[in-house]
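Survey of secondary and tertiary structure
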Amino acid sequence: MKSLAERAAAHKPNLLAVIGRSAWPIALGFIFAYLMQTVVATAVGDFYGKLMLDVGIAIVCGVSLNFVNGYAGQFSIGHAGFMAVGGYVAAAIVFYGSIKLWGSRDIHGGFLGPGELLLVAGCLIGGAFAALFGLLVGLPSLRLRGDYLAIVTLGFGEIVRVMLQQTEDVVMDPKKVEAMSPLELSDNLGGALGFFGAPRYLDPKNPFWIWLFVVLVLLVAYRLKTSSKGRQLLAVRENEVAAEAVGVPTTRVKVSAFVLSAFFAGIGGGLYAHELGNSLRPADLGFQKSIDLVIIVVLGGMGSITGVVVAATVLTILPEVFREFSEYRMIFYALALILMMILRPQGLFGIRELWELGPWRKLFRRGRL
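Below, the structure is looked at part by part. (Residues numbered from 1 in each chain as written. Predicted model: local features only at pLDDT ≥ 70, side-chain atom pairs only at ≥ 80, totals over all residues. Heavy atoms only, no water.)

**A look at the side chain of Gln 37**
As for its placement among the helices and strands, Gln 37 is situated in helix H2 (residues 15-71). On the basis of relative accessible area, Gln 37 is assigned to the buried category, the value being 10%. For Gln 37, the side chain forms a polar contact with the side chain of Asn 206, separated by 2.9 Å. Only 3.1 Å separates the side chain of Gln 37 from the backbone nitrogen of Phe 208, close enough to count as a polar contact. Ignoring anything within four residues of it in the chain, the contact list for Gln 37 reads Thr 42, Phe 111, Lys 205, Asn 206, Pro 207 and Phe 208. (Helix = DSSP H or I, 4+ residues; strand = E, 2+ residues; numbered from the N terminus. Buried < 20%, exposed > 50% of the residue type's maximum accessible area, 1.4 Å probe, protein only. Polar contact = N/O pair within 3.5 Å; in protein donor to acceptor, adjacent residues only side chain to side chain. Contact = heavy atoms within 4.5 Å.)

**Some words on the packing of aromatic side chains**
Applying the stated rule across the entire model yields 13 aromatic pairs. Taking 6.4 Å as the distance between ring centres and 50 degrees as the angle between the ring planes, the aromatic pair formed by Phe 30 and Phe 208 counts as tilted. One end of the pair, Phe 30, is in helix H2; the other, Phe 208, is in helix H8 (residues 208-225), and 178 residues separate them in sequence. Note on Phe 67 and Phe 264: the rings are 6.3 Å apart at their centroids and 55 degrees apart in plane angle, and the pair reads as tilted. In this pair, Phe 67 is assigned in helix H2 and Phe 264 in helix H11 (residues 250-276), connecting sequence segments 197 residues apart. Classification of Phe 67 by relative accessible area gives buried; the value is 0%. Following the ring pairs from residue to residue traces out a cluster consisting of Phe 67, Tyr 71, Phe 263 and Phe 264. (Phe/Tyr/Trp six-rings, centres within 6.5 Å; stacked < 30°, edge-to-face > 60°.)

**Some points on the pattern of salt bridges**
Inspection of every chain in the model, using the stated rule, returns seven salt bridges. With a closest N to O distance of 3.0 Å, Arg 237 and Glu 238 form a salt bridge. The class for Arg 237 is partly exposed, based on a relative accessible area of 27%. Residue classification places Glu 238 among the exposed residues on the basis of a relative accessible area of 57%. Of the charged contacts in the structure, one is a salt bridge between Glu 240 and Lys 254, with a shortest N-O distance of 3.0 Å. Taken together, the residues Glu 240 in helix H10 (residues 240-245) and Lys 254 in helix H11 connect sequence positions 14 residues apart. Note on Glu 240: relative accessible area 15%, which makes it buried. Each of the salt bridges in this network shares a partner with another, and the network as a whole consists of Lys 50, Asp 54 and Glu 275. (Salt bridge = Lys/Arg side-chain N within 4 Å of Asp/Glu carboxyl O.)

This is the structure:
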């Protein structure tokens, strides 16, 4: 008869198998992003390629807001502030870093070249700065609920916008840039005119990094939702008092969701800054942008990953379809929200996912990540 230790060892999972199961979705993500770069982007042309860039960035930012508004059931309306932090940090790193590393702000290297790697580093560092701001804002404010939290996040977004407007002009002279320290350059972000002149590594023909980050944020969202931490967030969302009573550290899990949300919002801001290419203005990431993201989450379903993806895609494409009536876009948004709140207040998918509904259930039953 086997000992208890031997029987326990028999049930221990194989390390390589565990790594393989965790790594294959990421590998598929690289393949998917590469196909979007080499096949789809070259086939659809510049106009639809630009539209696909906008859709990808909207998905990243919408899913990141879903961590707070959807999973944790909080109400943040200052998400564009975290995008602004990440976007300006990434733009400064790529612009000034290119001058300090290579002596010019021109594009360096081709696909997966050193310039694009600097872009990725800038986006990740921008996400880290945004996460730090998320921690600083979340620790005191997530003890609040409802309207009070919304006011705090709104105030944070406006503070970021106003502070960016007070910065000095971008330093264009390479010699001056090389003579200045990073701390000195951090105040030269373009002011109200915006940060302009950053190398444009993201364009309709080069969407690889946008779609790779789309896959990564979707994987994180799925893993979180199906994990014990995600269940804690959903418990807080449904009944915070009951969750606290059964031992869920409500403040800690809300702060962790806020930090994770801010991190991916910062990455989305970095992608947004370089997708714009020529100029990133504080007004581009103000209150209106935050409301656009809230609308995406509400229409898609607060807590649904696939719902946010569908809503981000539809709400990004529709303004282009009805470009002649673009001045009425917010009227359409308001009417859509009113009708959704009356007819389906839980959003398109509610808290459920596409693979949990009707005929899709059998199709995806064996496709769990």
